[in-house]
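Residue-level structural notes
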Amino acid sequence: MLKLHGFAVSNYYNMVKLALLEKGVPFEEVLFFGGQGPEALKVSPRGKVPVLETEHGFLSETSLILDYIEQTQAGKALLPEGVFAQAKVHELAKEIELYIELPARACYPQAFFGMPVDEAIKAKAKDELLAGIATLKRNGKFSPYVAGDSLTIADMLFCFSIDLAYAVGKKVLDIDVLEDFPQARELLERFKSNPNVQKIAADKEAQMPAFLEMVRSGKR
């Protein structure tokens, strides 16, 4: 059985978790916070979360894990047929990661943990985040899912990146990144009624107090 190493507060962990749940793949969750200690680095070479443990060994990096799951596991397809169509899904997923999730992440300390972020960092994040949202508007289909009429790997990134980017915009940057993007807002609402997303949200909420205590104590 596959084992997913990580923790429920991590949005990247939840991307992989949603893919496994949507495909109906049996898996075991293993609590793992990563880090630079020797034991953690045996599991994850960069000490990052998530990690997928397979019969052949450990895999890290979310995009690679998602692709591995799709190639090796039965269940609901999370990629369309055809090489070009699949490449477009990966393109959208990478754009969400690089141009929306990562700029927003620079402001996570202030948005979610009460730690001030330098004004220059916030200004850079705002410019990059708005450019990333504009990119997604141009390239996404949203009919109703990011890449078309079926749930794909791109939606795993969308579901657990756009909500955080929206929160960063509201709490830190004084912008509404979805103000002129009703398709994205509607897709987020659709995900809120998805039973698997609801389970993931409940698991995150349950783990959040302990995680925040770790952050405050400097252990994370």
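In this numbering scheme, every chain counts its residues from 1 along its sequence in written order. At least 70 in pLDDT is required for a residue's local features to be given in this predicted model, at least 80 for side-chain atom pairs to be given and counted, and no such filter applies to totals for whole chains, interfaces and linings, which use all residues. Hydrogen atoms and water are omitted, and side-chain values are computed over all heavy atoms in the structure.

You'll find the protein chain entered in an unreviewed UniProt entry as Glutathione S-transferase family protein, with Pseudomonas tructae given as the organism.

Below, the discussion takes up the overall build of the protein chain. Secondary structure elements are defined from DSSP: runs of H or I of at least 4 residues count as helices, runs of E of at least 2 residues count as strands, and each element is numbered from the N terminus. Of regular secondary structure, the protein chain possesses 10 helices and four strands. Ordered by position from the N terminus, the helices and strands of the protein chain form the series β-α-β-α-β-β-α-α-α-α-α-α-α-α. Computation of the radius of gyration draws on C-alpha atoms alone. For the globule rule, the value is 2.2 Å times the number of residues to the power 0.38. Here the C-alpha atoms of the protein chain give a radius of gyration of 17 Å, agreeing with the 17 Å that 2.2 N^0.38 yields for 220 residues. In terms of principal-axis extent, the alpha carbons of the protein chain reach across some 45 × 45 × 30 Å. When the 220 residues of the protein chain are sorted by exposure, 46% land in the buried category. Contacts spanning at least 24 positions in sequence make up 67% of the contacts within the protein chain whose residues lie at least 6 apart. Throughout, the Shrake-Rupley method with a 1.4 Å probe supplies accessible areas, and for residues the shown protein chains are the sole cover considered. For the protein chain, the accessible area works out to roughly 11200 Å², and carbon and sulfur atoms hold 54% of it. Charged side chains in the protein chain number 26 positive and 30 negative. The centres of these two groups are separated by 3 Å. Relative accessibility decides the category of a residue: with a 1.4 Å probe and only protein chains considered, values under 20% of the type maximum give buried, values over 50% give exposed, and everything between is partly exposed. Two residues form a contact once any of their heavy atoms are found within 4.5 Å. The positive count covers Lys and Arg only, the negative count covers Asp and Glu only, and His and the chain ends enter neither. Note that the charge is assigned to NZ on lysines, CZ on arginines, CG on aspartates and CD on glutamates.

Relative to the helices and strands, N11 is located in helix α1 (residues 11–23). Excluding its chain neighbours within four sequence positions, the residues that come into contact with N11 are E101, R105, Y108, F160, S161 and L164.

For the rest of this paragraph, the subject is the environment of N11. With relative accessibility at 7%, the residue N11 sits in the buried group. N11 sits 90 residues away from E101 along the chain, and the two C-alpha atoms are 9.8 Å apart.

Attention now moves to the environment of L59. Along the polypeptide, L59 turns up in strand β4 (residues 57–60). Since its relative accessible area comes to 22%, L59 is described here as partly exposed. Taking the C-alpha atoms as reference points, L59 and P103, 44 residues apart in sequence, are found 25 Å from one another. What L59 contacts, discounting residues up to four positions off in sequence, is P50, V51, L52, T54, L64, I65 and Y68.

Right, let's talk about unusual backbone geometry for a bit. One can expect most non-glycine residues to show negative phi and most peptide bonds to be in trans. Cis geometry is found at the peptide bond from V49 to P50, where omega equals 5 degrees. In this fold, P50 is placed in the loop between α2 (38–43) and β3 (51–54). P144 follows S143 through a cis peptide bond whose omega is 0 degrees. By the secondary structure assignment, P144 is in the loop between α6 (119–139) and α7 (153–159). Within the chain, F142 stands out as a residue other than glycine whose phi angle is a positive 50 degrees. Take F142: it is sitting in the loop between α6 and α7. Accessibility expressed as a relative area gives 11% for F142, which makes it buried.

Per the UniProt record, "domain: GST C-terminal" (unreviewed entry) is annotated on residues 82–210. Span residues 82–210 is 74% helix and 0% strand, its end C-alpha atoms 44 Å apart. UniProt positions are given in the numbering used here, feature names are shortened, and annotations may be inferred rather than shown by experiment.

Stacked, tilted and edge-to-face are the three classes applied to pairs of Phe, Tyr and Trp rings, where Trp contributes its six-membered ring and a pair requires centres within 6.5 Å; stacked means planes under 30 degrees apart, edge-to-face means over 60, and tilted covers the rest. What the rule picks out here adds up to eight aromatic pairs. Measuring from centroid to centroid gives 6.3 Å for Y145 and F191, while their planes differ by 55 degrees, and the two rings are tilted. Taken together, the residues Y145 in the loop between α6 and α7 and F191 in helix α9 (residues 182–192) connect sequence positions 46 residues apart. Neither residue differs from the other here; Y145 and F191 are each classed as buried. Between the aromatic rings of F158 and F191, the centroid separation amounts to 6.4 Å while the plane-to-plane angle is 40 degrees, which identifies the pairing as tilted. One end of the pair, F158, is in helix α7; the other, F191, is in helix α9, and 33 residues separate them in sequence.

Our focus in this paragraph is the pairing of strand β1 (residues 2–6). The element β1 is extensively covered by neighbouring structure, given that four of its five residues are classed as buried. One ladder, built from five bridges, connects β1 with strand β2 (residues 27–31); its direction is parallel. The residue bridging L2 from the neighbouring strand is F27, located in β2. If you view a crossover with the strands going away from you and the path from the first strand over the helix to the second runs clockwise, you call it right-handed. As for the winding sense of the linkage, the β-α-β connection from β1 through α1 to β2 is right-handed. Two strands pair if DSSP finds at least two bridges between them. With three bridges connecting them, β1 and β3 associate as antiparallel partners. Looking at β3, one finds that H5 is bridged to V51.

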